[in-house]
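Commentary on secondary and tertiary structure
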Amino acid sequence: MIPEPHSPAHLPLSRRRLLQASAVGLAAAGTWSALGVQAAHAADAFDTLRLRWQALLTGTGFDPAAQPFATALAALGDRARTQQAAMAPTAGSLWPDLPLGTVSANITSSYLRLRTMALAWAQPGTGSTADAALATAVITGLDHLHAIAYTPTASNYNNWWDWQIGTPQALLDTCVLVQPLLGATRISNYCAAVDRSVPDSKVAAYTGTSTGANRVDLCRVLALRGVLGRSSAKLALASSALSPVFPYVLTGDGLYPDGSFVQHTWVPYTGSYGEVLLGGLSKLFGLLAGSAWAVTDPQRQTVFDAVDSAYAPFLYNGLVMDSVSGRASSRGLQSADPLRLQQDDHGRGHTIIGHILRLADSGAAPAAQSAAWRASVKGWIARDQYRPYLTDAAVDIPELARAQALVNDSATAPAAEPAGARVFAMDRAVVRRAGWAASLAMCSVRTTFYETGNGENPRGWHTNNGLLSWWGSTFGNGQYSDAFWPTVNPYRLPGTTVSTKPLADAAGGAWGAARPDNTWAGGACDGTYAAVGQAVRGLSSTLSGVKSWFLLDDSIVCLGAGIGCADGVPVETVVDNRNLGATGQHALTVDGTTQPTTLGWSRRFTGARWAAISGFGAYLFPGGATVDALREARTGSWRDINGGGTTEALTRRYLTLWFDHGTDPSAAGYSYLLMPGADAAAAEARSAAPTATVLANSATVQAVSDSASGVTAANFFAAGTAGPITVSAPASVLVRESGGAMTVAVADPGRTASTVQVTIARPGYRTADPAPGVTVLATGSSVTLLVELGGTQGASRTVTLRATGTAPAPATATRLAPTQDAYVRDGSYGDTNYGTATTLTVKNTDSTGSGFSRRALLTFDTSGVSGTVRRAVLWVRGAVADSGGSETSLQAFATTADSWTETAVTWNRSPAPTTALGTGWISTAADWVGLDVTAAVNGGMGGTVTLAVWQPLGAVGLAVNLNSRENAAFRPHLELITS
């Protein structure tokens, strides 16, 4: 099923200023408060919730005569009167410019206009407050649309989103506002229309378009339908149907344990769909709190934790980074928007900030978390000087009121921007320093090259091929907000390596269909520094190569190697492409010489050592490099990259630096260092006395060392050695030495290894702090670690070693292959043997004789292993293969001592599982699972050990296919650590 957009793809709902109608008289008191009306008018639980929703939508505690409220309210009134005057009900439309019958978005837009008119009728200070003619127009419009468009018997057409989310949300919000004027019959009729498009079955299964942010939106519709229709069953369903949103996921849509958020299966979407999810949840938590339908699922804590782990890392000075906003970055200025409010990174960031503050003020989350969020929000508001939050016309009055109260709250101090680095499973990375922040966008088999759809973002082809975006604490905050996306050369996005092969609009297909075949994207991170890498591929291209970014204190080292292509066109790596604005003449200095500012100027520099762009930053080229530069003006329109965008011509000036690898390069490479915020003097000084050294830059390994931070880091695309680091398999390794301690972070961005041995040629370290998944095998002249990386989803395992204490006895890691394996099946298959299959299928149906229960058996010969077993892990690799779900658990078991043979064993003649051992979690994305079987191996050490793999007893699981020893790759094995 094709996924569709949320409301940002349609007319933006910029001013959801709905105040409850019966409280208009309170405006005379000087401070508008809907909460005071709730107590007076709430006759029962449904009325309480209706009035509470009005308060959530409209805000409380603000003076409508004060700014910024007075201007916003007056503008609302002007807009509503314009829409009222243009309304002309006919058999085919409510407004002439929104014909009904083929374009579903016109239904949504029509209801949104009625919503605006109702808002102006209810709000104080609009010039149409309590106007009878306006109220009549709203009711007339609702009845007309109910009769000809959104009816209990209409057949859906065009976009599912309008029928199930966009239209019913606008309709129900309008009904909440004007409820005293509707009467029971109208409300019943409107609810019947909603019930047809959004029946209970829409949330019966967590699949298709009923996941993530979409599921939250559907629950909002059901909840408001329950409030207006006075249906306890609808409210109960809305509350309970949120539960599938809360658990972490390992694949597909939702929140991941590391803070990733994905929608449309392949798209990192924290800033757009993630915004919708957080906004909907913050409102529903507040709406239902304290009622019989309160959201009490303990896993809702996942959402609270996500504020810090998923949203905050991508918020900077009030903006949310475009790398997690998908096709939303193309929306800009929409031709259908009467307010002409540009949608951009600051606007999306402000919306998320409003959601976080609403959640903090809802009382739903733990007090300590809410207090911390308030401090963070206050800091973001204070630091956004490019587009101040309190003067942003796109911020709704409830959020303005809440933010103004926070700004005035002397008890809450603004939190500073945190420093650090993060690498996410969704192929994204961020680094934050005192003076700047940067974001990396990559792609792999797990994430798309880009997303296009509904005519949006058709030229985003290269946005995830290493896009390196960055902002300064006091500069460059409008770099991507100021018409960047409609005017930038889409083949020259900063940080990317691309083939210049011409691509058609929407090349590769819609909805994230185009994904590269590489598995490597990600890297090692210790929370402060990071080594990030990507095996780059080209969209509809033969381009391939490897890229790395090493995130240091005041700089990012950028390396590329093994770059090859046979497209018959030049291949380029873009060092940067600075948006200078409409009139910018920022100076470019190269090796001490200031270059011309004339538009159209270009030059190729040979042996360049450094360059600096005034007001932005500097770039170092170790050992000298050939660098091309261009200063140009580029013109485009939002319509070029979004079917709903305006056609107005926009011109911006750009200063571009890039490496030209030539036509059809082979084994090309590059090396440069980015210093955000540095000027020419700082660049010259660092070039003369560099702290970062490139240790390796090849197709198999890229590595650096940095004397300033004590960091040595490497991305190994194959087993090998770089500087002091040696690995037994592809891995990313970050080593930091300071004050007699060495911290080592190891990750497997390719997600192909179960374990990796890492040796670091650093003497003197003796002991290690306990670290899950890391075993110190040896210390002394060097340190050798066994790191368990299977099932980590690319996350880092980190250990700190110290030069003090008594070194433990050395340990040995031994990997054993099974001597035999098979799976067995019950019921009518109870006497069938599956000993030669290339997969081991397991499933616990928690039933007897169904024919669908299956478990795996594996035997290992430990007679050749000596010493005491410290740890034993059974590693199996596979994926869920069941229509009943996407994630399930696995469990290992000891077995009875019965002998068995691979080619004869069956369910009816097999060793029975006995003691339950380690468990793991597996999804539809193929991965390793490590099961702790130490107890069983200790019991059988010196002989053969048979282990069963199944699922927890007493629970119904999903079918999982695991690679067997007969498989060509990723065979099961037993990892033993002995001493």
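Residues numbered from 1 in each chain as written. Predicted model: local features only at pLDDT ≥ 70, side-chain atom pairs only at ≥ 80, totals over all residues. Heavy atoms only, no water.

Helix and strand content of the protein chain: 17 helices and 44 strands. For a compact globule of 979 residues, the expected C-alpha radius of gyration is about 30 Å, and the protein chain comes in at 30 Å, within 12% of that figure. Along the three orthogonal principal directions, the C-alpha set of the protein chain runs to about 90 × 80 × 55 Å. Counting every atom, the protein chain has about 32000 Å² of accessible surface; 52% of that belongs to carbon and sulfur. Of the side-chain charges in the protein chain, 67 are positive and 69 negative, and the distance between the mean point of each set is 2 Å. (Helix = DSSP H or I, 4+ residues; strand = E, 2+ residues; numbered from the N terminus. Rg over C-alpha atoms; globule rule 2.2 N^0.38 Å. Areas by Shrake-Rupley, 256 points an atom, 1.4 Å probe, with all protein chains shown as cover. Lys, Arg positive; Asp, Glu negative; His and termini not counted. Charge placed at Lys NZ, Arg CZ, Asp CG, Glu CD.)

Below, the discussion takes up the packing of helix H7 (residues 212-228) against helix H9 (residues 273-288). Close contact between H7 and H9 brings their axes to 8 Å; oriented N to C, the two are set at 35°. Here H7 runs over H9; the crossing is left-handed. Of the residues in H9, those touching H7 at Gly212, Ala213, Asn214, Val216, Asp217, Cys219, Arg220 and Ala223 are Tyr273, Val276, Leu277, Gly280, Leu281, Lys283, Leu284 and Leu287. Across the contact of H7 with H9, the residue classes break down as 10 nonpolar, three polar and three charged. (Axes fitted to C-alpha atoms, helices over the stretch in contact; angles between N-to-C directions. Left-handed = near helix turned anticlockwise from the far one by under 90°. Contact = heavy atoms within 4.5 Å. Nonpolar A, V, L, I, M, F, W, Y, C, P; charged D, E, K, R; others polar.)

Right, let's talk about the packing of aromatic side chains for a bit. Aromatic rings considered in pairs are described by the distance between their centres and by the relative angle of their planes. Applying the stated criterion across every chain, the model contains 24 aromatic pairs. Relative to Phe717, the ring of Trp520 lies with its centre 4.6 Å away and its plane at 50°, an arrangement referred to as tilted. With Trp520 in the loop between strand E10 (497-499) and strand E11 (521-525) and Phe717 in the loop between strand E24 (711-716) and strand E25 (720-722), the pair connects residues that are 197 residues apart, well separated along the chain. Of the two residues, Trp520 and Phe717, neither departs from the other in class, the shared state being buried. One aromatic cluster in this structure is built from Trp471, Tyr480, Phe484, Trp485 and Tyr654. Lying over the aromatic face of Trp95, Arg113 brings its terminal NZ or CZ to 5.3 Å of the ring centre. The ring of Phe285 has Arg300 lying over it, and the distance from NZ or CZ to the ring centre is 5.7 Å. (Phe/Tyr/Trp six-rings, centres within 6.5 Å; stacked < 30°, edge-to-face > 60°. Buried < 20%, exposed > 50% of the residue type's maximum accessible area, 1.4 Å probe, protein only. Lys NZ or Arg CZ within 6 Å of the ring centre and 35° of its normal.)

So, on to the sheet that holds strand E1 (residues 254-255). Spatial strand order, E1-E2-E3: three strands in an open sheet with antiparallel pairing. For this open sheet the edge positions go to E1 and strand E3 (267-268), each flanked by a neighbour on one side alone. With two bridges joining them, E1 and strand E2 (residues 261-263) adopt antiparallel strand pairing. Considered in E2, the bridge of Leu255 is made with Phe261. (Pairing = 2+ DSSP bridges.)

Glancing now at the sheet that holds strand E29 (residues 755-760). Strand order across the open sheet formed by five strands is E25-E26-E29-E32-E31, with antiparallel pairing between neighbours. On the outer flanks of this sheet lie E25 and strand E31 (774-778), each paired with one strand and no other. Across the sheet, the axes of successive neighbouring strands diverge by a mean angle of 20°, strand direction being ignored. Two elements, E31 and strand E32 (residues 783-788), share four bridges in a ladder whose sense is antiparallel. The residue of E32 that forms the bridge with Val774 is Val787.

Further remarks concern the pattern of salt bridges. Under the definition given, this model contains 43 salt bridges. Between Arg802 and Asp769 there is a salt bridge, with the nearest N and O atoms lying 2.8 Å from each other. Placement of the pair is Arg802 in strand E33 (residues 797-802) and Asp769 in the loop between strand E30 (767-768) and E31, with a sequence separation of 33 residues. A residue is classified by how much of its surface remains accessible, and Arg802, at 33% relative accessible area, is partly exposed. (Salt bridge = Lys/Arg side-chain N within 4 Å of Asp/Glu carboxyl O.)

Let us look at helix H13 (residues 397-407). Most of H13 sits inside the fold, with eight of its 11 residues counted as buried. Summarising the contacts, the buried residues of H13 are in contact with helix H2 (45-58), helix H3 (69-86), helix H11 (345-362) and helix H12 (367-383).

Turning next to the state of the cysteines. Under the criterion given, the structure shown has zero disulfides. Of all cysteine sulfurs in the structure, the one in Cys565 sits closest to Cys443, which takes part in no disulfide; the separation is 15 Å. For Cys443, a relative accessible area of 1% corresponds to the buried category. (Disulfide = S-S within 2.5 Å.)

The subject of this paragraph is the environment of Thr48. One can find Thr48 in helix H2. The exposure class assigned to Thr48 is partly exposed, which follows from its relative accessible area of 24%. Put simply, Thr48 and Leu288 are 240 residues apart on the chain and 9.9 Å apart in space, counted from C-alpha to C-alpha.

Structurally, Arg432 is set in strand E7 (residues 428-432). The class for Arg432 is buried, based on a relative accessible area of 6%. Reaching out from Arg432, the side chain makes a polar contact with the side chain of Glu417 at a distance of 2.5 Å. What Arg432 contacts, discounting residues up to four positions off in sequence, is Ala312, Pro313, Phe314, Leu315, Tyr316, Met321, Glu417, Pro418, Ala419, Gly420 and Ala437. (Polar contact = N/O pair within 3.5 Å; in protein donor to acceptor, adjacent residues only side chain to side chain.)

Tracing the chain through its elements places Asp143 in helix H5 (residues 132-148). Here the alpha-carbon distance between Asp143 and Asn189, two residues 46 residues apart in the chain, equals 9.4 Å. Once residues within four sequence positions are removed from consideration, Asp143 is found in contact with Arg186 and Tyr190.

Our next topic: the pairing of strand E22 (residues 692-697). The sheet contact formed by E22 and strand E23 (residues 701-706) spans five bridges and is antiparallel. Its bridge partner being in E23, Thr693 is matched across the sheet by Ser705. The turn linking E22 back onto E23 is made up of three residues.

Before going further, it helps to spend a moment on H9. With 16 residues, H9 ought to run about 22 Å at 1.5 Å a step, and its terminal C-alpha atoms sit 22 Å apart, in line with that. For H9, the buried fraction is high: 16 of the 16 residues fall into the buried class. With its phi angle positive at about 75°, Gly290 sits one or two positions after the end of H9. (Expected span 1.5 Å × (residues − 1).)

Once that is clear, we can look at the side chain of Ser964. Inspection of the secondary structure assignment puts Ser964 in the loop between strand E43 (960-963) and strand E44 (973-978). A distance of 3.0 Å separates the side chain of Ser964 from the side chain of Glu966, its partner in a polar contact. If near-sequence neighbours (up to four positions away) are discounted, Ser964 is found in contact with Asp821, Ala837, Thr838, Thr839, Leu840, Arg971 and Pro972.

Comment: phi is negative for the bulk of residues other than glycine, and the bulk of peptide bonds are trans. A cis amide bond links Gln67 to the next residue, Pro68, at an omega of 5°. By the element assignment, Pro68 lies in the loop between H2 and H3. The backbone phi angle of Arg340 is positive, close to 50°, even though this residue is not glycine. Structurally, the position occupied by Arg340 is in the loop between strand E5 (319-320) and H11. Not every positive phi belongs to a glycine, and Gln793 is a case in point at roughly 60°.

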